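# Architecture and fold: a report
One-letter residues, chain by chain:
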Amino acid sequence: MTIRETLIERATNIRPKAYAPYSKFWVGSALITTDGEIFEGVNYENASYGLTICAERNAIGTMVTAGGKQIAGLAVATENGVTPCGACRQVMIEFAGDDYPVYIVNTTTGEVKDATVRQLLPEFFDSSQLPE
Ligand SMILES: [Zn+2]
């Protein structure tokens, strides 16, 4: 099984664990670090709505907690194959180091869109733009 296939499978399989009682929009994500470690995340909502955390940022938070610093690939699985939100794209860039593939999975059709994090967020803001 390739890394691509593994991430797609892990994101798809973790998706039912999402906590999405309000939107009913379950999202799963899985990423691999440059060290080869895999981390998963699901979205979790809140009655206040605004405090919802996306699956991608949850997976990244788990990676950071475990000491991971650089993502080498990430998959996100939804019922309709939507792309990550703007907040997630910015966080995904923070841990990019270099560009990396993003696999956008439609769990209904099984289709996967292949992108890269820089394609998803061109002209991104990062630490190189902060004053010295
Ligand atoms: Zn998001």
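Everything discussed here concerns the structure shown above.
Residues numbered from 1 in each chain as written. Predicted model: local features only at pLDDT ≥ 70, side-chain atom pairs only at ≥ 80, totals over all residues. Heavy atoms only, no water.

### With respect to the overall build of the chain
Along the chain, the regular secondary structure elements total 4 helices and 5 strands. Put simply, the chain runs from its N terminus to its C terminus through helices and strands in the order α-β-β-α-β-α-β-β-α. Over its C-alpha trace the chain gives a radius of gyration of 14 Å, about what one expects of a compact globule, namely 14 Å for 132 residues. Considered along the principal axes of its C-alpha atoms, the chain spans approximately 45 × 40 × 30 Å. Scored against the burial criterion, the 132 residues of the chain give a buried share of 40%. (Helix = DSSP H or I, 4+ residues; strand = E, 2+ residues; numbered from the N terminus. Rg over C-alpha atoms; globule rule 2.2 N^0.38 Å. Buried < 20%, exposed > 50% of the residue type's maximum accessible area, 1.4 Å probe, protein only.)

### Structural notes on the coordination of the zinc ion
In the first shell of the zinc ion, the protein supplies Cys-54 (SG), Cys-85 (SG) and Cys-88 (SG), at 2.2 to 2.3 Å from the metal. For the zinc ion, the donor residues sit on a single chain with the sequence spacing C-x30-C-x2-C. One end of the pair, Cys-54, is in the loop between strand S2 (38–42) and helix H2 (55–65); the other, Cys-85, is in the loop between strand S3 (71–78) and helix H3 (86–94), and 31 residues separate them in sequence. Overall, the relative accessible area of 19% leaves Cys-54 in the buried class. What makes Cys-85 partly exposed here is its relative accessible area of 33%. (Donors = N, O, S within 2.8 Å, 3.2 Å for Na, K, Ca; no water.)

### Quick look at the pattern of salt bridges
With the rule as written, the count across this model stands at 3 salt bridges. Residues Asp-114 and Arg-4 are paired through a salt bridge, measuring 2.8 Å at the closest nitrogen-oxygen approach. In this pair, Asp-114 is assigned in strand S5 (residues 112–116) and Arg-4 in helix H1 (residues 3–14), connecting sequence segments 110 residues apart. By relative accessible area, which is 47% here, Asp-114 ends up partly exposed. A relative accessible area of 31% means that Arg-4 is categorised as partly exposed. Arg-10 serves as the salt-bridge partner of Glu-40, at 2.6 Å between the closest nitrogen and oxygen. Of the two residues, Glu-40 is situated in strand S2 and Arg-10 in helix H1; the sequence distance between them amounts to 30 residues. What makes Arg-10 partly exposed here is its relative accessible area of 31%. (Salt bridge = Lys/Arg side-chain N within 4 Å of Asp/Glu carboxyl O.)

### Quick notes on the pairing of S2
Judged from the 5 bridges that link them, strand S1 (residues 28–33) and S2 form a sheet pairing that is antiparallel. Looking at the pairing, Ala-30 lines up with Glu-40 of S2. The hairpin formed by S1 and S2 contains 4 residues between the paired strands, and Gly-36 there has a positive phi angle of roughly 90°. (Pairing = 2+ DSSP bridges.)

### Some words on the sheet that holds strand S4 (residues 101–106)
Reading across from one edge, S2-S1-S3-S4-S5 is the order of the 5 strands in this open sheet, with mixed pairing throughout. Two strands bound the open sheet, and with one partner strand each, they are S2 and S5. Adjacent strand axes in the sheet meet at a mean angle of 15° when their direction is disregarded. Relative to S4, S3 runs parallel, the two being bridged by 5 bridges. Counted as the bridge partner of Ala-75 is Tyr-103 from S4. Along the sheet, H1 contacts S1, S2, S3, S4 and S5; its crossing angle with S1, the most-contacted strand, is approximately 145°. (Axes fitted to C-alpha atoms, helices over the stretch in contact; angles between N-to-C directions. Contact = heavy atoms within 4.5 Å.)

Any functional reading would require information that these geometric values do not contain.
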